[in-house]
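Per-entry structural report
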Amino acid sequence: MQITDNYLQVKHLYHRAGFGLSIQDWNQVMGKNVKKLARELVRTSQKSALEPPLSLTALPVGVGRRQLSEEERKELQKMIRQGVKTLNSAWISHMATSKAVLREKMTFFWHDHFACRVNSGLMIQQQYRAMKEHALGNFKDLLVAVSQSPAMLQFLNNQQNRKGHPNENFARELLELFTLGRGHYSEQDIKEAARAFTGWGFNRRDGFVFRQRIHDTGMKEFLGQKGRFGGEDIIRIILEKRQTAYFITEKLYRFLVNEQVDSQQVQTWGNHFYDSGYEIADLLERMLTSDHFYQQVHIGSRIKSPVEFLVSMMRQLNVAFEEEDAPIIVQRLLGQVLFQPPNVAGWPSGRAWIDSSSLMARLQIPKGLIWGNEFGLASKASFAGNEDAVQLSRRQSRKLAAHLDWKPLEKELLASSSEKTLAQAWNFLQQRPLKAGQLALIGKTIGNKPQDQALKLAFMRIMETPEYQFC
């Protein structure tokens, strides 16, 4: 593998717009024009169909929990929890195998942006599918779909928002976290928006419902405009503010480009986003085909989140877990479990993901996968990023039963010498170039091992390096 600018740029594209390259995709994309590949990623992901919904357990329509016996309630709760696990495992598998990687990556982004945590697999799946459907579509359509999802309405208490007794939770987070950002509205704007969203609710049969009888029809003043506004009007007025485009673009910049924001570039892309009418795919194509995106300073500069770390390993190692709980165990060990954000602000990012506990897990998990060994680790709490909740549980022994298909990896990466095998494995796995001393240092642990072990040892040692934590 000859290391060229194109080689590094293609890897950069697929790590940021997806979760890295599998070896099967390697020969198909290497050497191609990177900007053409970026456009193909956008188009392929736009055209991809959603996977069929899972059949998840829910309380039957017309039946209340009070009508169930204590034993029936416990069994229902157990089945609902299992449904959430099944949804989690299915999504992880889809991220690791889908050709529509940009849709998966953007659904993951919106899942964090519209952070929501409810105890209903059915509600979670409804919101997840709404985000996936609109992930590359129009931001207004996405915002309305998520705002009207039963999961978000329940999580932010808009079911209790009624005329004369407005609940401000949803209105506050809509302005602060989902659209404008702190400092671009007043407390009075929150109060007026909350009045406009009175009556927005849901039921198990129909999903979103608008209850006219509890809606406040009075005059309201919001962001300088006056009228008898409803929830749709509030969203329209928010989107009329160019600041909304800047806020979303900056968050995407941190996710796709660099934690250190180039404000001028964000403004340029944000103006395009606004002028396009908030077309997400247009913004992404402009970002992923720009010279700015491929600047050397951005390549290998982002610390992988736990989910990105897990999915990239699954793609690179051709991992198929034998047990549904296995990928969830890894998520818990690392502190990020899909559908269980710490709070409405979502998960942390960057260096917040690395501490002594999570780093130890990141070093041991590849070894456990490659060799099928048991390893003892302390799980982090589900609420990663919440300083009051991040605690270590008792130490447990784990074994991740998984099948790894080494044949395509051996075909492409095994070489005549262990040093060359190691170098090729590094170039496949890493975003950062191999330094002179690293080859000799890591090579000592491989020595003259048989070929069937050499590549596995090379992968294990490379995945234990600090550089592997970056993408």
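Right, let's walk through the structure included here. Predicted model, so just to flag it, every value in this text is computed and none were measured.

1. Structural notes on the overall build of the protein
- Broken down by element type, the protein carries 21 helices and eight strands.
- A compact globule built from 471 residues would reach a C-alpha radius of gyration of about 23 Å, and the protein, at 24 Å, matches this within 12%.
- Dimensions of the protein, computed from the C-alpha atoms along their principal axes, are close to 80 × 60 × 40 Å.
- Across the 471 residues of the protein, 55% fall into the buried class.
- Accessible surface for the protein amounts to roughly 20500 Å². Of this, 47% is attributable to carbon and sulfur atoms.
- Measuring between centres, the 62 positive side-chain charges of the protein sit 2 Å from its 48 negative side-chain charges.

2. Section: helix α1 (residues 5–16)
- If you check α1, its first and last C-alpha atoms are 16 Å apart, about what twelve residues at 1.5 Å a residue would give, namely 16 Å.
- Of all twelve residues in α1, nine are buried; the element is thus mostly enclosed.
- For α1, the complete set of buried residues consists of Y7, L8, V10, K11, H12, L13, Y14, H15 and R16.

3. Regarding the packing of aromatic side chains
- Scanning the entire structure with this criterion turns up 23 aromatic pairs.
- Between the aromatic rings of Y128 and F339, the centroid separation amounts to 6.0 Å while the plane-to-plane angle is 85°, which identifies the pairing as edge-to-face. On the criterion of sequence distance, the pair formed by Y128 in helix α6 (residues 121–134) and F339 in the loop between α16 (326–334) and α17 (356–371) is long-range, its members being 211 residues apart.
- Residue Y128 is classed as buried on the basis of its relative accessible area, which comes to 3%.
- When the ring of F309 is compared with that of Y468, the centres are 6.0 Å apart and the planes differ by 70°; the resulting orientation is edge-to-face. Of this pair, F309 sits in helix α15 (residues 306–317) while Y468 is found in the segment after α21 (451–463), placing the two residues 159 residues apart along the sequence. Comparing F309 with Y468 shows no difference in burial state: the two are buried.

Calculation notes
Residues numbered from 1 in each chain as written. Predicted model: local features only at pLDDT ≥ 70, side-chain atom pairs only at ≥ 80, totals over all residues. Heavy atoms only, no water. Helix = DSSP H or I, 4+ residues; strand = E, 2+ residues; numbered from the N terminus. Rg over C-alpha atoms; globule rule 2.2 N^0.38 Å. Buried < 20%, exposed > 50% of the residue type's maximum accessible area, 1.4 Å probe, protein only. Areas by Shrake-Rupley, 256 points an atom, 1.4 Å probe, with all protein chains shown as cover. Lys, Arg positive; Asp, Glu negative; His and termini not counted. Charge placed at Lys NZ, Arg CZ, Asp CG, Glu CD. Expected span 1.5 Å × (residues − 1). Phe/Tyr/Trp six-rings, centres within 6.5 Å; stacked < 30°, edge-to-face > 60°.

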